[in-house]
Amino acid sequence: MKSKCSLFEYFHLLTYKFGLGAGVGLAGSAAALVAYSYKTNKLVLDSATVLDAKRDVAWYKLEEAVTRYKTIHDFNKVTDAVQAVQDATNKAALEEIDSIRLSLRLGVGDVTLPRLGQLAAAMYVLTGIRNGVYTDQDFIFLMNYLNQLSQSVPTITKSLKDFFATVHALEYVFKELVKPSEILDPYPNVPLMISKNVPPTIFFDRVTFYHPESKSAEPQFKNLTFKMEGGTTNALVGKKGSG
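Caption draft 1: Quick look at the overall build of the protein. The helix and strand inventory of the protein stands at five helices and two strands. The helix and strand sequence of the protein, counted from the amino end, reads α-α-α-α-α-β-β. In the protein, which comprises 243 residues, the proportion classed as buried is 21%. Contacts spanning at least 24 positions in sequence make up 65% of the contacts within the protein whose residues lie at least 6 apart. Total accessible area on the protein stands at roughly 18,000 Å², and carbon and sulfur atoms take up 63% of it.

Caption draft 2: Fine view of the nonpolar core. Formed by Leu14, Phe18, Leu26, Ala122, Val125, Tyr134, Leu142, Leu146 and Leu149, the largest nonpolar core amounts to nine residues. Taken together, the elements giving at least two residues each to this core come down to α1 (2–18), α4 (78–130) and α5 (136–178). By residue number, the principal contributor to this core is α5, which donates three residues. If we ignore the near neighbours within four places in the chain, the residues touching phenylalanine 18 are Tyr124, Val125, Tyr134, Asp138, Phe141 and Leu142.

Caption draft 3: Representation of the side chain of threonine 40 within the structure. Tracing the backbone through its elements, the reader meets threonine 40 in helix α2 (residues 20–67). In this structure the side chain of threonine 40 is engaged in a polar contact, spanning 2.7 Å, whose partner is the backbone oxygen of tyrosine 36. Look past the residues within four positions of threonine 40 in its chain and what remains in contact with it is Leu106 and Lys161.

Caption draft 4: Representation of a nonpolar patch on the surface within the structure. The grouping of Leu170, Val173, Phe174, Leu177 and Val178 at the surface amounts to a nonpolar patch, some 520 Å² of accessible area in total. Assignment of secondary structure puts leucine 170 in helix α5. Classification of leucine 170 by relative accessible area gives partly exposed; the value is 45%.

Caption draft 5: Molecular detail of unusual backbone geometry. Unlike most non-glycine residues, asparagine 76 shows phi in positive territory, near 60 degrees. Residue asparagine 76 is classed as exposed on the basis of its relative accessible area, which comes to 68%. Unusually for a residue other than glycine, asparagine 223 sits at a positive phi of about 50 degrees. Relative to the elements of secondary structure, asparagine 223 occurs in strand β2 (residues 221–228). Judged by relative accessible area, asparagine 223 falls into the partly exposed class, the value being 46%.

Caption draft 6: Structural view of α4. If you check α4, its first and last C-alpha atoms are 78 Å apart, about what 53 residues at 1.5 Å a residue would give, namely 78 Å. Glycine 132, located one to two residues past α4, shows a positive phi value of around 80 degrees.

Caption draft 7: Geometry of the environment of serine 37. Mapped onto the elements, serine 37 comes out in helix α2. On the basis of relative accessibility, which here comes to 0%, the residue serine 37 falls in the buried class. Separated by 72 residues in the primary sequence, serine 37 and glycine 109 place their C-alpha atoms 8.9 Å from one another. When near neighbours in sequence (up to four residues on either side) are disregarded, serine 37 contacts Asp110, Leu160 and Phe164.

Caption draft 8: Inspection of the pattern of salt bridges at higher detail. Applying the stated criterion across every chain yields a total of ten salt bridges. Between lysine 54 and glutamate 95 there is a salt bridge whose closest N-O contact spans 3.4 Å. Here the residue lysine 54 occupies a position in helix α2, and glutamate 95 occupies one in helix α4, the gap between them amounting to 41 residues. The partly exposed category is assigned to lysine 54, whose relative accessible area is 30%. In this structure, aspartate 80 engages lysine 77 in a salt bridge whose closest nitrogen and oxygen atoms are separated by 3.8 Å.

Caption draft 9: Structural view of the packing of aromatic side chains. Counted according to the given criterion, the structure contains three aromatic pairs. Summarising the aromatic geometry, the rings of phenylalanine 204 and phenylalanine 226 are spaced 4.6 Å apart at their centres and angled 5 degrees between planes, so their arrangement reads as stacked. A residue pair is termed long-range when its members are at least 10 positions apart, and phenylalanine 204 in strand β1 (residues 202–209) and phenylalanine 226 in strand β2 qualify at 22 residues. Residue phenylalanine 204 is classed as partly exposed on the basis of its relative accessible area, which comes to 27%.

Caption draft 10: How the structure looks around the environment of threonine 40. On the accessibility criterion, threonine 40 (4% relative accessible area) is buried. The spatial distance from the C-alpha of threonine 40 to the C-alpha of lysine 161 is 9.0 Å, given a sequence separation of 121 residues.

Cut-off values and rules
- Residues numbered from 1 in each chain as written.
- Predicted model: local features only at pLDDT ≥ 70, side-chain atom pairs only at ≥ 80, totals over all residues.
- Heavy atoms only, no water.
- Helix = DSSP H or I, 4+ residues; strand = E, 2+ residues; numbered from the N terminus.
- Buried < 20%, exposed > 50% of the residue type's maximum accessible area, 1.4 Å probe, protein only.
- Contact = heavy atoms within 4.5 Å.
- Areas by Shrake-Rupley, 256 points an atom, 1.4 Å probe, with all protein chains shown as cover.
- Core = buried A, V, L, I, M, F, W, Y, C linked by side-chain atoms within 4.5 Å.
- Polar contact = N/O pair within 3.5 Å; in protein donor to acceptor, adjacent residues only side chain to side chain.
- Patch = residues over 30% accessible without salt bridge, like charges linked within 9 Å, V, L, I, M, F, W, Y side chains within 5 Å.
- Salt bridge = Lys/Arg side-chain N within 4 Å of Asp/Glu carboxyl O.
- Expected span 1.5 Å × (residues − 1).
- Phe/Tyr/Trp six-rings, centres within 6.5 Å; stacked < 30°, edge-to-face > 60°.

Take a look at the structure:
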């Protein structure tokens with residue numbers, strides 16, 4: 001809050017001292033910084049989301065290899081499992097490197113935009129000195145205030161990024177909330193009958209399943225229909241012995 005008040009004071013003082021041109025120029029630079037922070041913060045968040053997803057895949061592959069080691073070993077798939085873990089880990093590592101590079105590249109703008117605004121204000125006053133409107137003392141006065149302002153820029157930039165991170169997070173939450181349910185109830189008017197101490201019977205009616213990481217366009221199973229009686233144990237087993 002203090003940095004925001006100081007920023008307003010700088011704009012007001014520069015406008016009072018050097019006219020509307022200096023204050024508006026610096027305010028324009030600040031507006032550009034706000035817009036830049038909004039756009040780039042979205043890129044950083046999207047990059048972080050992709051990175052988290054690839055980390056999750058790498059962890060899933062490792063966890064799967066560990067928990068299903070016996071089956072993998074019995075079917076002579078150890079090399080394939082290790083390769084899958086390595087590939088997923090490499091993808092996550094490359095994505096992390098790209099994420100760091102993106103942050104570094106975008107950080108250049110965080111530094112450049114405020115400096116351009118300060119440079120424009122300095123050039124404005126230098127032009128006034130040339131025309132006899134301002135004096136050298138005015139220029140020294142300006143540079144002193146611009147130096148103080150530059151010390152507030154990192155705090156202001158961080159506040160903007162934190163604010164826009166919250167905005168983008170809320171946008172994501174509300175987008176998810178308005179999405180229709182992905183699980184459709186074909187019989188919405190039929191109540192679910194559950195009796196106490198009686199295990200329910202589960203019916204699968206033309207169920208199709210696609211594995212999210214499968215490279216094949218074919219589903220793992222299609223139009224599967226069967227009934228699981230209450231109190232029984234059932235298993236779906238693939239050709240390789242996986243469940």
